[in-house]
Amino acid sequence: MYTLTPRCHLPPLRRSPPPCQAATTTTVSPPPPQSLAAAAQPRAAAADSLRSTWPHRFWTLAGSAAILSSLSTSASLVTSGSSPALDPLAAALAAYTLADLSTGIYHWLVDNYGDATTPLVGSQIAAFQGHHRHPSTITLRDPCNNLHALSRAAALSLFPADALLSAADAPAAAHAFVGAFAACVVLSQQFHAWAHEKRRRLPVGVEWLQDAGVLVSRAEHAAHHRRPYDSNYCIVSGMWNGVLDRYRVFEALEMVVYLRTGVRPRSWDETEESWMEVATGDDDVAAAEDEL
């Protein structure tokens, strides 16, 4: 039942040297500079992964240009008198509302289904896993580093969509809707970052917008980061979270998926260690290292 350690394998006892005998000291040599440099390389690479690159900046600029193009087209149609001024405003409000719901649905999907090998969205699934493990890392990312993926999707989809709307003589409201929807989806990642940021580090006005419910609040989003990570998925304003959670909409969808395919969502099972938050002083750099 018990394993006895042979005497010869026991560590030697430390005894003080006799008074008449000089104590011997063992000098521990410091690691060579090459070892220190090698150990620093992964952390330097991790820190670099949080910085913006020129491709990040290019796609963020391209996505911003596509959004501004849609909104400017809408404004031009209103200025020309071909559309009432209130229609684009109502369309933009509808887009803002729908964008919050859309981010919740997408967030629910990548949190519960697929893995890093899933086509098209595998990297997003892996990123969300890493985010659950190291949630504060998102606050350390440069803006273009944080927004480039969604900006690229906006650039590649919005320019063709806007061209089709113009060819069809669509009203100003249609251009305002697609532009505002894309803007809210792209910026949702920044709103998400602010929901993890410390109060004192928030830009001026952001805390007020969070408290007013215009942007997703830190307290509301914190509920999502409690196991089993099955609530509060929306990250624009969070206006849909209460309804979706109260009426268990995602639980119903999960049951439908399970009955039709036999695939269980991750939230039904014991939370994997790779999703659990790591509370260490090296949290932020470790997360970046996981993504390398």
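Look up: the structure comes first, before these words.
Residue indices follow the written sequence of each chain, beginning from 1 at its first position. Given that this is a predicted model, residues contribute local features only at a pLDDT of at least 70 and side-chain atom pairs are listed and counted only at 80 or more, while totals for whole chains, interfaces and linings are drawn from all residues. Hydrogens and waters are ignored; side-chain quantities use all the structure's heavy atoms.

Colleague: Would you explain the overall build of the protein in this entry?
Modeller: What the protein contains, in helices and strands, is 11 helices and 0 strands. Under the scheme used here, helices are H or I runs from DSSP no shorter than 4 residues and strands are E runs no shorter than 2 residues, and both carry numbers assigned from the N terminus. Going from the N terminus to the C terminus, the protein shows its helices and strands as α-α-α-α-α-α-α-α-α-α-α. Only protein chains enter the area calculation, which uses a 1.4 Å probe; residues under 20% of their type maximum are buried, those over 50% are exposed, and those in between are partly exposed. Out of the 292 residues belonging to the protein, those deemed buried represent 35%. Here, residues are in contact when the closest pair of their heavy atoms is within 4.5 Å. Intrachain contacts of the protein at a sequence separation of at least 6 include 73% that bridge at least 24 residues.

Colleague: How should I be thinking about the nonpolar core in this particular structure?
Modeller: Nonpolar side chains in soluble globular proteins generally cluster together in the buried interior. For the purposes of this section, nonpolar cores are sets of buried Ala, Val, Leu, Ile, Met, Phe, Trp, Tyr and Cys residues that join through side-chain atoms within 4.5 Å. Residues Y96, A99, C184, F191, W194, A195, L202, V206, L215, V216 and V236 constitute the largest nonpolar core, which totals 11 residues. Looking at this core, the elements that each hand over two or more residues are α3 (86–112) and α6 (172–194). Broken down by element, the residue count for this core peaks at 3 residues, all from α6. Each residue touching L202, except ones within four places of it in the same chain, is listed here: W194, E197, E207, Q210 and R218.

Colleague: Just to check I follow, could you spell out the packing of aromatic side chains for this structure?
Modeller: In this description, an aromatic ring pair is defined by two values, namely the gap between the centres and the angle between the planes. Two rings from Phe, Tyr or Trp (for Trp, the six-membered ring) form a pair when their centres are within 6.5 Å of each other. A pair whose planes differ by under 30 degrees is stacked, one over 60 is edge-to-face, and the rest are tilted. Applying the stated criterion across every chain, the model contains 7 aromatic pairs. Among the aromatic residues, those joined into a cluster by ring pairs are W108, Y113, Y233 and F250. Both a distance and an angle decide whether a charge sits over a ring: NZ of Lys or CZ of Arg must be within 6 Å of the ring centre and within 35 degrees of the ring normal. Between the NZ or CZ atom of R57 and the centre of the ring of W54, over which it lies, the distance is 4.6 Å. In this structure, R152 packs its charged tip against the face of W59, placed 6.0 Å from the ring centre.

Colleague: Could you clarify how one ought to interpret the packing of helix α2 (residues 54–79) against helix α5 (residues 143–167) in this entry?
Modeller: Angle between the axes and distance between the axes are the two parameters that describe a pair of packed helices. Helix axes are fitted only over the stretch in contact, all axes being lines through C-alpha atoms; the angle between N-to-C directions runs from 0 to 180 degrees. Contact pair α2 / α5: the axes reach a minimum separation of 7 Å and the direction vectors enclose 35°. Here α2 and α5 pass one another in a crossing that is left-handed. For the contact of α2 with α5, the class distribution of residues is 12 nonpolar, 10 polar and 3 charged. The crossing is said to be left-handed when, going from far helix to near helix, the turn is anticlockwise and less than a right angle, and right-handed when the turn is clockwise. Under the grouping applied here, Gly and all other residues not named as nonpolar or charged are polar, the nonpolar ones being Ala, Val, Leu, Ile, Met, Phe, Trp, Tyr, Cys and Pro and the charged ones Asp, Glu, Lys and Arg.

Colleague: Is there a simple way to think about unusual backbone geometry in this case?
Modeller: The phi angle of most residues is negative, glycine excepted, and most peptide bonds adopt the trans form. Residue R227 is joined to P228 through a cis peptide bond whose omega torsion reads 5°. At Y229, a residue that is not glycine, the phi angle is positive and equals roughly 60°. Along the chain, Y229 turns up in the loop between α8 (218–222) and α9 (241–246). If you check the backbone angles, R248 has positive phi at about 50° while not being a glycine. Note that R248 resides in the loop between α9 and α10 (249–261). Judged by its relative accessible area of 52%, R248 is exposed.

Colleague: Explain the packing of α3 against helix α4 (residues 122–133) to me, please; I cannot follow it from the model alone.
Modeller: Contact geometry for α3 and α4: axes closest at 9 Å, N-to-C directions at 85°. Looking at the two axes, α3 sits roughly perpendicular to α4. Between α3 and α4, the residues in contact are Y106, H107, V110 and D111 and Q124, I125, F128 and H132, respectively. Considered class by class, the residues forming the contact of α3 with α4 number 4 nonpolar, 3 polar and 1 charged. If an angle is under 35 degrees, it is roughly parallel; if it is over 145, roughly antiparallel; if it lies from 65 to 115, roughly perpendicular; otherwise it is oblique.

Colleague: When you look at the environment of T261 in this model, what are you seeing that I'm missing?
Modeller: Here T261 is to be found in helix α10. Under the rule applied, a polar contact is a pair of N or O atoms within 3.5 Å (in protein, one hydrogen donor and one hydrogen acceptor; residues adjacent in sequence only if both atoms are side-chain atoms). Within the local environment of T261, its side chain forms a polar contact with the backbone oxygen of V257, the two atoms lying 2.6 Å apart. Within the structure, T261 has its side chain in polar contact with the backbone nitrogen of V263 (distance 3.2 Å).

Colleague: Got a minute to help me understand α10 in this structure?
Modeller: Since the α-helix turns once every 3.6 residues, residues separated by three or four places project in the same direction. In this analysis, the expected span of each helix is defined as 1.5 Å times one less than the number of residues it contains. Taking 1.5 Å of rise per residue, 13 residues should cover 18 Å, and α10 covers 18 Å from first to last C-alpha, within 8% of that figure. Of the residues trailing α10, G262 is marked for its positive phi of about 80°.

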